[in-house]
Amino acid sequence: MVTPAITGFGSALPESAEQTELWHGFFAAHFGGSALARRLFSAVGVQRRHTVVNPVEEDLSGWSTAARMRRFDEQAPPLGHRAVRAALTAAGLDPREVGLLTVASCTGYGTPGLDIKLAGSLGLRPDLRRLFVGHMGCYAALPALGGVVDFVAARGQPAVLLCLELTSLHIQPPTADPQQIVSHALFGDAAVAVVVHPRAAGLAVVDLVAFTDTSGLDHMTWDITDLGFRMGLSPQVPDVLARHLGPVVGDLLGRNGLGLRDVAGWAVHPGGPRILDTVEETLGLPATALRESRNVLAEHGNCSSATLLLVLRQLTGSGMPPGSHVVALAFGPGLTLYAALLEVSG
């Protein structure tokens, strides 16, 4: 039986901006000098973020959605091209060997889409299969990876997954809503790609599970408005995750003959410090278990679907021996929890 494996990572990041510079240069005035906003910006665990639009230099908060999508169409293709090209190089793969290109994004749309433009700029073959995964949000990397793995296993051809999010295009008008303030303090931009190969060593994708609690439909939202996309983040999200996390992870590990002690690495989507604290406490993990997730949050912020791939890249770059097991966790609207079991293959 073929077990497809991630064999190459690639990323492309816009210019970085320090969290303190963003606060003093734009958001302090944007939120009317709010003491609450200042505390939230200091408490989210973000030190710097990458952004295609630095609000200190250019304020998009009053732009129409159409104008923001035009900027996405300008900025996304070159970033996606660089990320996919880097992943192909890391995997030692020629672009014309790719059988499927999957692109995940919830921050920009248009037709012909980013997937088609990348197929042309990268020189991918004309009979390439393409799939676009849209508006799933922060957990999209794992269902998208699941679809890619199924294709690779069934067709025996390599595939590429690109997660590209430009959250900076969706700065909203001034507000006193704490949920909006938190989202403006957390999110950054990134493009991250992985190559999945049917016959190469790497990070084998062993299994994947999903769980959705539809009683929490309003806990995490991403609404299309006339002024871009607006995030809603309920403070109840960590509590809902805490109820379901143990059974979901237990099912994933148990059906593969493993327990928590058999997991060598944890790649957890850093939706925010409370999310990471909840995972750590609920599963009884040591303080160092989520080091990579906290590092990514500090250095990049929450980049929606691209963030988990940044964590996986950092985690697997630490040199874990063959046979080591990794659990990846991501959360998003629904309220949805995805978990994947991966194994380092030699």
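Shown above is the structure to which this text applies.
Note that this is a predicted model, so its numbers are computed, not measured.

Novice: Teacher, can you tell me more about the overall build of the protein chain here?
Specialist: Counting its secondary structure elements, the protein chain contains 10 helices and 13 strands. Compactness check: the protein chain gives a C-alpha radius of gyration of 19 Å against a globular reference of 20 Å for 346 residues, within 12% of the reference. Principal-axis analysis of the C-alpha atoms places the extent of the protein chain at approximately 60 × 45 × 35 Å. Every one of the 346 residues in the protein chain was classed for burial, and the buried ones make up 58%. In the protein chain, the proportion of contacts linking residues at least 24 apart, taken out of those at least 6 apart, comes to 79%. Accessible surface for the protein chain amounts to roughly 13,400 Å². Of this, 52% is attributable to carbon and sulfur atoms. Between the mean site of the 24 positive side-chain charges and the mean site of the 30 negative ones, the protein chain shows a separation of 3 Å.

Novice: What am I meant to see in unusual backbone geometry here?
Specialist: Residues apart from glycine generally show negative phi values, whereas peptide bonds are mostly found in trans. Residues threonine 111 and proline 112 are joined by a peptide bond in cis, for which omega reads 0°. Inspection of the secondary structure puts proline 112 in the loop between β4 (100-105) and α4 (114-122). Put simply, glycine 334 and leucine 335 share a cis peptide bond, and its omega is -5°. Summarising the element assignment, leucine 335 is placed in the loop between β12 (325-332) and β13 (336-344). With phi around 65°, histidine 135 is a residue other than glycine that occupies positive phi space. With respect to the helices and strands, the residue histidine 135 is situated in the loop between β5 (129-134) and α5 (141-155). Notably, serine 304 is not glycine yet its phi reads approximately 55°, a positive angle. By the secondary structure assignment, serine 304 is in the loop between α9 (291-300) and α10 (306-316).

Novice: Explain the side chain of arginine 71 to me, please; I cannot follow it from the model alone.
Specialist: Among the structural elements, arginine 71 can be located in helix α3 (residues 65-91). Filtering out sequence-adjacent residues up to four positions away, arginine 71 remains in contact with Val53, Glu58, Trp63 and Leu169.

Novice: What's the story with the nonpolar core in this structure? I'm lost.
Specialist: A general feature of soluble globular proteins is that nonpolar side chains tend to end up buried together. One finds Trp266, Val279, Leu329 and Phe331 to be the most contacted residues of the largest nonpolar core, which totals 53 residues. Element by element, the count of residues in this core is highest for helix α7 (residues 237-254), at eight residues. With residues up to four places along the chain from it excluded, the contact list for valine 279 reads Leu245, Val268, Leu285, Leu290, Leu329 and Phe331. Core analysis: the second largest hydrophobic core is formed by 42 residues, Ala159, Leu161, Val196 and Ala340 among them.

Novice: What exactly am I supposed to notice about the side chain of serine 304 here?
Specialist: A relative accessible area of 3% places serine 304 in the buried class. The contacts of serine 304, once residues within four sequence positions are left out, are Cys106, Gly137, Cys138, Glu165, Phe187 and His269.

Novice: Would you mind showing me how to read the environment of cysteine 303 here?
Specialist: Among the structural elements, cysteine 303 can be located in the loop between α9 and α10. The class of cysteine 303 is buried, set by a relative accessible area of 0%. On a C-alpha basis, the gap between cysteine 303 and alanine 83 in space is 15 Å, while along the polypeptide they are 220 residues apart. Setting aside residues up to four positions removed in sequence, cysteine 303 forms contacts with Glu165, Gly188, Asp189, Ala190 and Leu310.

Novice: Looking at this structure, I do not really get the packing of aromatic side chains. What am I missing?
Specialist: Both the distance between ring centres and the angle between the ring planes are used here to describe each pair of aromatic rings. Inspection of the entire model under this criterion finds nine aromatic pairs. Where phenylalanine 26 meets phenylalanine 27, the ring centres are 4.9 Å apart and the plane angle is 85°; that geometry is what we call edge-to-face. On the basis of relative accessible area, phenylalanine 27 is assigned to the buried category, the value being 3%. Here the aromatic rings of tyrosine 109 and phenylalanine 132 are separated by 6.0 Å at their centres, their planes lie at 70°, and the arrangement is edge-to-face. Taken together, the positions of tyrosine 109 in the loop between β4 and α4 and phenylalanine 132 in strand β5 put the pair 23 residues apart, joining distant regions of the chain.

Novice: Would you take a moment to explain α5 for this structure?
Specialist: Note on helix geometry: an α-helix contains 3.6 residues per turn, so any two residues three or four positions apart are oriented the same way. In this model α5 runs 21 Å from its N-terminal to its C-terminal C-alpha over 15 residues, within 8% of the 21 Å that 1.5 Å per residue would give. Here α5 has its buried residues at Ala141, Leu142, Pro143, Ala144, Leu145, Gly146, Val148, Val149, Phe151 and Val152. Once α5 ends, the next one or two residues include glycine 156, with phi positive near 70°.

Novice: I keep staring at the sheet that holds β13 and nothing clicks. Help me out?
Specialist: The strands making up a sheet associate through hydrogen bonds between their backbones, and the pairing can be parallel or antiparallel. The strand order across the open sheet formed by nine strands is β5-β4-β6-β7-β1-β8-β13-β12-β11, and the pairing between neighbours is mixed. The open sheet has two edge strands with one neighbour each: β5 and β11 (263-268). Looking at each pair of strands side by side, their axes are set apart by 25° on average, direction ignored. Here eight bridges tie strand β6 (residues 159-166) to strand β7 (residues 189-197), and the two strands are oriented antiparallel to one another. Bridging across to β7, valine 160 finds its partner in valine 195. Seen against the sheet, helix α8 (residues 273-283) touches β11 and β12 and runs at an angle of roughly 130° to β12.

Analysis parameters
- Residues numbered from 1 in each chain as written.
- Predicted model: local features only at pLDDT ≥ 70, side-chain atom pairs only at ≥ 80, totals over all residues.
- Heavy atoms only, no water.
- Helix = DSSP H or I, 4+ residues; strand = E, 2+ residues; numbered from the N terminus.
- Rg over C-alpha atoms; globule rule 2.2 N^0.38 Å.
- Buried < 20%, exposed > 50% of the residue type's maximum accessible area, 1.4 Å probe, protein only.
- Contact = heavy atoms within 4.5 Å.
- Areas by Shrake-Rupley, 256 points an atom, 1.4 Å probe, with all protein chains shown as cover.
- Lys, Arg positive; Asp, Glu negative; His and termini not counted.
- Charge placed at Lys NZ, Arg CZ, Asp CG, Glu CD.
- Core = buried A, V, L, I, M, F, W, Y, C linked by side-chain atoms within 4.5 Å.
- Phe/Tyr/Trp six-rings, centres within 6.5 Å; stacked < 30°, edge-to-face > 60°.
- Expected span 1.5 Å × (residues − 1).
- Pairing = 2+ DSSP bridges.
- Axes fitted to C-alpha atoms, helices over the stretch in contact; angles between N-to-C directions.

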